[in-house]
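# Structure at a glance
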Amino acid sequence: MADPKPPWWLKPMNKVLMAAMKTGLMKDGPLVLTVTGRKSGQPRSTPITPFEVEGQRYVVGGFPGADWVRNAQADPDAVLVRGRVREPIRMTELTAEQARPLLRQFPVLVPTGVSFMKNAGLVTGPNPDEFEALAGRCSVFRFDSV
(Lines give C-alpha, C1' and ligand atoms only; values in the text may rest on other atoms or scores of the structure.)
Protein backbone atom coordinates (compact mmCIF):
# COMPACT_ATOMS: atom_id res chain seq x y z
CA MET A 1 0.00 0.00 0.00
CA ALA A 2 1.38 3.42 -0.96
CA ASP A 3 1.92 5.88 1.84
CA PRO A 4 -0.72 8.62 2.02
CA LYS A 5 0.19 12.20 1.29
CA PRO A 6 -0.77 15.04 3.65
CA PRO A 7 -3.90 16.93 2.60
CA TRP A 8 -3.36 20.27 0.84
CA TRP A 9 -4.80 22.20 3.79
CA LEU A 10 -2.46 20.77 6.45
CA LYS A 11 0.42 23.27 6.11
CA PRO A 12 -1.84 26.37 6.10
CA MET A 13 -3.79 24.98 9.07
CA ASN A 14 -0.54 24.29 10.94
CA LYS A 15 0.49 27.93 10.46
CA VAL A 16 -2.83 29.13 11.91
CA LEU A 17 -2.52 26.69 14.82
CA MET A 18 1.04 27.82 15.60
CA ALA A 19 -0.01 31.48 15.51
CA ALA A 20 -2.81 30.73 17.99
CA MET A 21 -0.39 28.85 20.21
CA LYS A 22 2.03 31.81 20.28
CA THR A 23 -0.68 33.98 21.81
CA GLY A 24 -0.57 31.80 24.92
CA LEU A 25 -4.32 31.17 24.77
CA MET A 26 -3.82 27.46 24.18
CA LYS A 27 -2.37 26.12 27.44
CA ASP A 28 -2.84 22.43 26.64
CA GLY A 29 -2.58 20.52 23.43
CA PRO A 30 0.09 20.65 20.77
CA LEU A 31 3.61 21.97 21.14
CA VAL A 32 5.69 23.52 18.39
CA LEU A 33 8.66 21.47 17.25
CA THR A 34 11.40 23.33 15.41
CA VAL A 35 13.97 21.34 13.47
CA THR A 36 16.62 22.41 10.97
CA GLY A 37 15.61 22.03 7.33
CA ARG A 38 17.77 19.35 5.73
CA LYS A 39 18.01 21.26 2.42
CA SER A 40 17.63 24.91 3.43
CA GLY A 41 19.40 24.81 6.80
CA GLN A 42 16.63 27.12 8.04
CA PRO A 43 14.44 26.47 11.11
CA ARG A 44 11.23 24.59 10.25
CA SER A 45 8.38 24.47 12.75
CA THR A 46 5.35 22.25 13.03
CA PRO A 47 2.75 21.57 15.73
CA ILE A 48 3.05 18.16 17.35
CA THR A 49 1.32 16.30 20.17
CA PRO A 50 3.90 14.43 22.23
CA PHE A 51 2.96 11.80 24.80
CA GLU A 52 4.64 10.36 27.86
CA VAL A 53 5.30 6.75 28.81
CA GLU A 54 7.23 5.84 31.96
CA GLY A 55 8.69 9.34 32.28
CA GLN A 56 9.92 9.52 28.67
CA ARG A 57 8.39 11.78 26.01
CA TYR A 58 7.70 10.59 22.47
CA VAL A 59 6.12 11.77 19.24
CA VAL A 60 4.77 9.81 16.28
CA GLY A 61 5.25 11.08 12.73
CA GLY A 62 1.67 11.23 11.44
CA PHE A 63 2.64 10.75 7.79
CA PRO A 64 5.37 8.40 6.62
CA GLY A 65 8.21 10.50 5.23
CA ALA A 66 6.78 13.83 6.47
CA ASP A 67 9.17 16.75 5.98
CA TRP A 68 9.67 17.35 9.70
CA VAL A 69 10.44 13.64 10.17
CA ARG A 70 13.07 13.65 7.42
CA ASN A 71 14.53 16.86 8.84
CA ALA A 72 14.76 15.30 12.33
CA GLN A 73 16.40 12.21 10.86
CA ALA A 74 19.02 14.44 9.19
CA ASP A 75 19.64 16.58 12.31
CA PRO A 76 18.21 15.32 15.62
CA ASP A 77 18.84 18.55 17.55
CA ALA A 78 15.55 20.44 17.89
CA VAL A 79 13.57 22.83 20.07
CA LEU A 80 10.17 22.29 21.69
CA VAL A 81 8.11 25.40 22.38
CA ARG A 82 5.01 25.88 24.51
CA GLY A 83 4.02 29.54 24.64
CA ARG A 84 7.21 31.39 25.52
CA VAL A 85 9.02 28.40 26.99
CA ARG A 86 11.72 26.94 24.73
CA GLU A 87 13.34 23.59 25.47
CA PRO A 88 16.31 22.31 23.48
CA ILE A 89 16.04 18.57 22.86
CA ARG A 90 17.66 15.76 20.94
CA MET A 91 15.35 13.44 19.02
CA THR A 92 16.19 9.75 18.93
CA GLU A 93 14.34 7.68 16.34
CA LEU A 94 13.25 4.31 17.66
CA THR A 95 13.55 1.03 15.83
CA ALA A 96 10.31 -0.61 14.69
CA GLU A 97 10.66 -3.10 17.55
CA GLN A 98 11.08 -0.32 20.13
CA ALA A 99 8.16 1.62 18.61
CA ARG A 100 5.58 -1.20 18.67
CA PRO A 101 4.55 -0.97 22.35
CA LEU A 102 4.40 2.83 22.16
CA LEU A 103 2.26 2.76 19.04
CA ARG A 104 -0.14 0.36 20.82
CA GLN A 105 -0.60 3.00 23.56
CA PHE A 106 -0.90 5.93 21.16
CA PRO A 107 -4.71 5.71 20.63
CA VAL A 108 -5.32 6.03 24.38
CA LEU A 109 -2.62 8.60 25.11
CA VAL A 110 -3.23 10.84 22.08
CA PRO A 111 -6.93 10.46 21.18
CA THR A 112 -6.76 13.50 18.88
CA GLY A 113 -4.12 11.65 16.87
CA VAL A 114 -6.54 8.81 16.14
CA SER A 115 -8.81 10.95 13.96
CA PHE A 116 -5.78 12.51 12.26
CA MET A 117 -4.34 9.09 11.38
CA LYS A 118 -7.76 7.75 10.44
CA ASN A 119 -8.32 10.69 8.05
CA ALA A 120 -4.85 10.02 6.62
CA GLY A 121 -5.94 6.47 5.78
CA LEU A 122 -3.35 4.87 8.07
CA VAL A 123 -5.85 3.25 10.45
CA THR A 124 -9.60 2.61 10.58
CA GLY A 125 -10.03 3.52 14.25
CA PRO A 126 -8.48 3.39 17.72
CA ASN A 127 -7.49 -0.28 17.40
CA PRO A 128 -4.08 -0.80 19.11
CA ASP A 129 -3.24 -3.60 16.65
CA GLU A 130 -3.59 -1.20 13.71
CA PHE A 131 -1.36 1.36 15.38
CA GLU A 132 1.24 -1.26 16.26
CA ALA A 133 1.26 -2.30 12.59
CA LEU A 134 2.50 1.21 11.71
CA ALA A 135 5.89 0.37 13.27
CA GLY A 136 8.48 0.84 10.57
CA ARG A 137 6.12 3.03 8.50
CA CYS A 138 5.51 5.95 10.85
CA SER A 139 8.58 7.17 12.71
CA VAL A 140 8.52 7.33 16.49
CA PHE A 141 11.00 9.63 18.24
CA ARG A 142 12.00 9.93 21.89
CA PHE A 143 12.79 13.42 23.18
CA ASP A 144 15.91 13.71 25.32
CA SER A 145 16.69 16.95 27.15
CA VAL A 146 20.07 18.50 26.34
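Residues numbered from 1 in each chain as written. Predicted model: local features only at pLDDT ≥ 70, side-chain atom pairs only at ≥ 80, totals over all residues. Heavy atoms only, no water.

Looking up the chain in an unreviewed UniProt entry gives the name Deazaflavin-dependent nitroreductase, with the organism given as Mycolicibacterium hippocampi.

## With respect to the packing of helix α3 (residues 96-109) against helix α4 (residues 111-119)
Contact pair α3 / α4: the axes reach a minimum separation of 5 Å and the direction vectors enclose 105 degrees. Here α4 runs roughly perpendicular to α3, going by the angle between their axes. Touching F106, P107, V108 and L109 of α3 are P111, G113, V114 and M117, all from α4. The residue makeup of the contact of α3 with α4, split by class, is seven nonpolar, one polar and no charged. (Axes fitted to C-alpha atoms, helices over the stretch in contact; angles between N-to-C directions. Helix = DSSP H or I, 4+ residues; strand = E, 2+ residues; numbered from the N terminus. Parallel < 35°, antiparallel > 145°, perpendicular 65-115°, else oblique. Contact = heavy atoms within 4.5 Å. Nonpolar A, V, L, I, M, F, W, Y, C, P; charged D, E, K, R; others polar.)

## Let's talk about the pairing of strand β2 (residues 43-48)
Strand direction decides the pairing type here: strand β1 (residues 31-36) and β2, joined by six bridges, are antiparallel. Following the sheet pairing, V35 is matched in β2 by R44. In textbook terms, the turn of a hairpin is the stretch between consecutive antiparallel strands, and for β1 and β2 this stretch comprises six residues, one of which, G41, has a positive phi near 75 degrees. (Pairing = 2+ DSSP bridges.)

## A word on the sheet that holds strand β4 (residues 56-60)
The seven strands are arranged β2-β1-β5-β6-β7-β4-β3 in an open sheet whose pairing can be described as antiparallel. Two strands lie at the open edges of the sheet, namely β2 and β3 (51-53), each paired on one side alone. Direction aside, the axes of adjacent strands within the sheet are offset by 40 degrees on average. In terms of strand pairing, β4 meets strand β7 (residues 140-145) through four bridges, oriented antiparallel. Residue V60 lies in a different strand from β7, and its bridge partner there is V140.

## Remarks on the nonpolar core
Counting 36 residues, the largest nonpolar core has L33, W68, M91 and M117 as the members making the most contacts within it. When residues in this core are grouped by element, the largest group, four residues, is from α3. Excluding its chain neighbours within four sequence positions, the residues that come into contact with M117 are V60, G62, F106, L122, V123, F131, L134 and C138. (Core = buried A, V, L, I, M, F, W, Y, C linked by side-chain atoms within 4.5 Å. Buried < 20%, exposed > 50% of the residue type's maximum accessible area, 1.4 Å probe, protein only.)

## A closer look at the packing of aromatic side chains
Geometry of an aromatic ring pair is reported as the spacing of the ring centres plus the angle between the planes. In this structure the tally under the stated criterion is five aromatic pairs. Consider the rings of W68 and F141, whose centres lie 5.9 Å apart with planes at 45 degrees: the pair is tilted. Taken together, the positions of W68 in helix α2 (residues 67-74) and F141 in strand β7 put the pair 73 residues apart, joining distant regions of the chain. For the pair W68 and F141, one class covers both residues: buried. Each ring, one from F106 and one from F131, has its centre 5.6 Å from the other, and the planes form 35 degrees; the classification is tilted. Taken together, the residues span a long stretch of sequence, with F106 in helix α3 and F131 in helix α5 (residues 128-132) at a distance of 25 residues. The class of F131 is buried, set by a relative accessible area of 0%. Taken together, F51, Y58, F106 and F131 form an aromatic cluster joined through their ring pairs. (Phe/Tyr/Trp six-rings, centres within 6.5 Å; stacked < 30°, edge-to-face > 60°.)

## A short note on α2
Burial in α2 covers these residues: W68, V69, N71 and A72. Down the axis of α2, the smallest arc covering the buried residues is 165 degrees, so these residues share one side. Among the structural elements, β1, β2, β4, β6 (85-93) and β7 are those in contact with the buried residues of α2. (Arc of directions from axis to C-beta.)

## Concerning the pattern of salt bridges
This structure, assessed with the given rule, holds eight salt bridges. The salt bridge partner of R57 is E87, with a shortest N-O separation of 2.7 Å. Of the two residues, R57 is situated in strand β4 and E87 in strand β6; the sequence distance between them amounts to 30 residues. We classify R57 as partly exposed; its relative accessible area is 23%. When its relative accessible area of 24% is taken as the criterion, E87 is described as partly exposed. Between E132 and R104 there is a salt bridge whose closest N-O contact spans 2.7 Å. One end of the pair, E132, is in helix α5; the other, R104, is in helix α3, with 28 residues separating them in the sequence. What makes R104 partly exposed here is its relative accessible area of 32%. Each of R38, D67 and R70 takes part in salt bridges that share partners, so that together they form one network. (Salt bridge = Lys/Arg side-chain N within 4 Å of Asp/Glu carboxyl O.)

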